Amino acid sequence: MEMRQLEYFVAVADEESFTAAAHRVHTTQPNISAQVRSLERELGSALFDRSARSVRLTDAGHAALPAARAALAAAREVADAVSEVRGLLRGSLSVGMVEGCTIAPLFTALGTFGSAHPKVPLSLRESPSDRLITSIVDGSLDVALAGYGDELPRGTESLTVIAEPVVAVVPADEERGTDTGFPELRQRSLICLPRGAGIRNVFDDAAVAHGSPIRPAIEASSPDAIVELVCSGMGTGILSASIAAADDRVAGLPIEGVDVRARLGFVWRTDPSPATRRFVDVVRETFGLDAG
């Protein structure tokens with residue numbers, strides 16, 4: 001029994017015609033008829049009733065059809081698996097990450113991938129989030145851990161690691177109300193991450209939506225620097241809620257009108273290479289993430 005015979009059998013069953021089935025599988029009607037006859041002799045039973053104008057399955061044919069489809073599907077899976085491995089071995093992987101990244105599971109995922117696929121060249125680049133996402137879209141990076149808001153460019157997919165509010169960061173002992181709105185923030189000296197950072201992008205977009213951009217008094221290169229500047233009395237920081245909550249010297253105040261969450265996650269194109277697909281699988285397992 002050959003896979004080609006099963007393919008011809010399924011084609012005739014679907015088309016209810018030897019001639020139409022021959023067109024479908026790009027062979028001649030005599031050849032497909034001969035191959036099906038050979039399969040029937042091997043099985044010891046007719047698979048088709050040829051007495052009517054259209055070809056109909058016999059009881060034996062009905063019984064054989066699901067197994068034939070399953071065998072063909074299994075053969076395709078074998079071919080796909082081999083193709084995936086060949087593509088992986090011929091490929092490379094370029095990974096981007098936000099500047100100053102200290103997300104330990106990322107490095108665990110990189111190590112796991114590198115150990116499993118030592119022949120796949122792997123590169124790592126640090127950049128601001130907006131540049132990382134642009135590099136994903138233009139193909140100069142395969143996958144990146146970046147910050148973003150609720151929307152990403154078309155043609156990309158993502159796995160979100162963290163999604164949380166953007167907050168105004170003040171000294172923990174500062175007297176304050178429950179919420180802080182944009183009118184009040186415009187009166188403060190703000191300390192923000194540089195343009196291009198995911199948290200900064202979310203805040204800037206919200207400020208524009210509430211009237212006009214806000215120029216910060218200070219741009220600090222890292223969240224830790226912002227916390228230190230806030231503690232020194234230099235102004236009000238703009239960070240994510242978890243960063244503010246990690247240091248008991250400061251407090252994070254909800255910002256009225258910022259409904260978009262700051263997200264940190266992995267971004268890649270919707271047509272990933274075999275190496276990218278494999279790395280995303282490793283990331284998914286390492287971080288315990290679902291798609292979205």
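Structure shown above.
Residues numbered from 1 in each chain as written. Predicted model: local features only at pLDDT ≥ 70, side-chain atom pairs only at ≥ 80, totals over all residues. Heavy atoms only, no water.

K.L.:
I'm lost on the overall build of the chain in this one. Help?
P.N.:
When helices and strands are counted, the chain shows 11 helices and 12 strands. Here the C-alpha atoms of the chain give a radius of gyration of 30 Å, more than 25% beyond the 19 Å that 2.2 N^0.38 yields for 292 residues. Along the three orthogonal principal directions, the C-alpha set of the chain runs to about 90 × 40 × 30 Å. Taking all 292 residues of the chain together, 42% fall into the buried category. The contacts of the chain with a sequence gap of at least 6 include a subset with a gap of at least 24, amounting to 72%. (Helix = DSSP H or I, 4+ residues; strand = E, 2+ residues; numbered from the N terminus. Rg over C-alpha atoms; globule rule 2.2 N^0.38 Å. Buried < 20%, exposed > 50% of the residue type's maximum accessible area, 1.4 Å probe, protein only. Contact = heavy atoms within 4.5 Å.)

K.L.:
For this particular structure, what's the right way to read the sheet that holds strand β4 (residues 122–127)?
P.N.:
Paired through backbone hydrogen bonds, the strands of a sheet run either parallel or antiparallel to each other. Pairing is mixed in the open sheet, where five strands are placed in the order β4-β3-β5-β12-β6. Every other strand in the sheet has two partners, leaving β4 and β6 (156–164) as the edge strands with one partner each. Strand after strand, the sheet turns through a mean of 25 degrees between neighbouring axes, direction not considered. Of the strand pairs in this sheet, β6 and strand β12 (residues 262–269) are connected by eight bridges, and their pairing is antiparallel. Paired with Leu159 across the bridge in β12 is Phe266. (Pairing = 2+ DSSP bridges. Axes fitted to C-alpha atoms, helices over the stretch in contact; angles between N-to-C directions.)

That is the geometry; function is a separate question.
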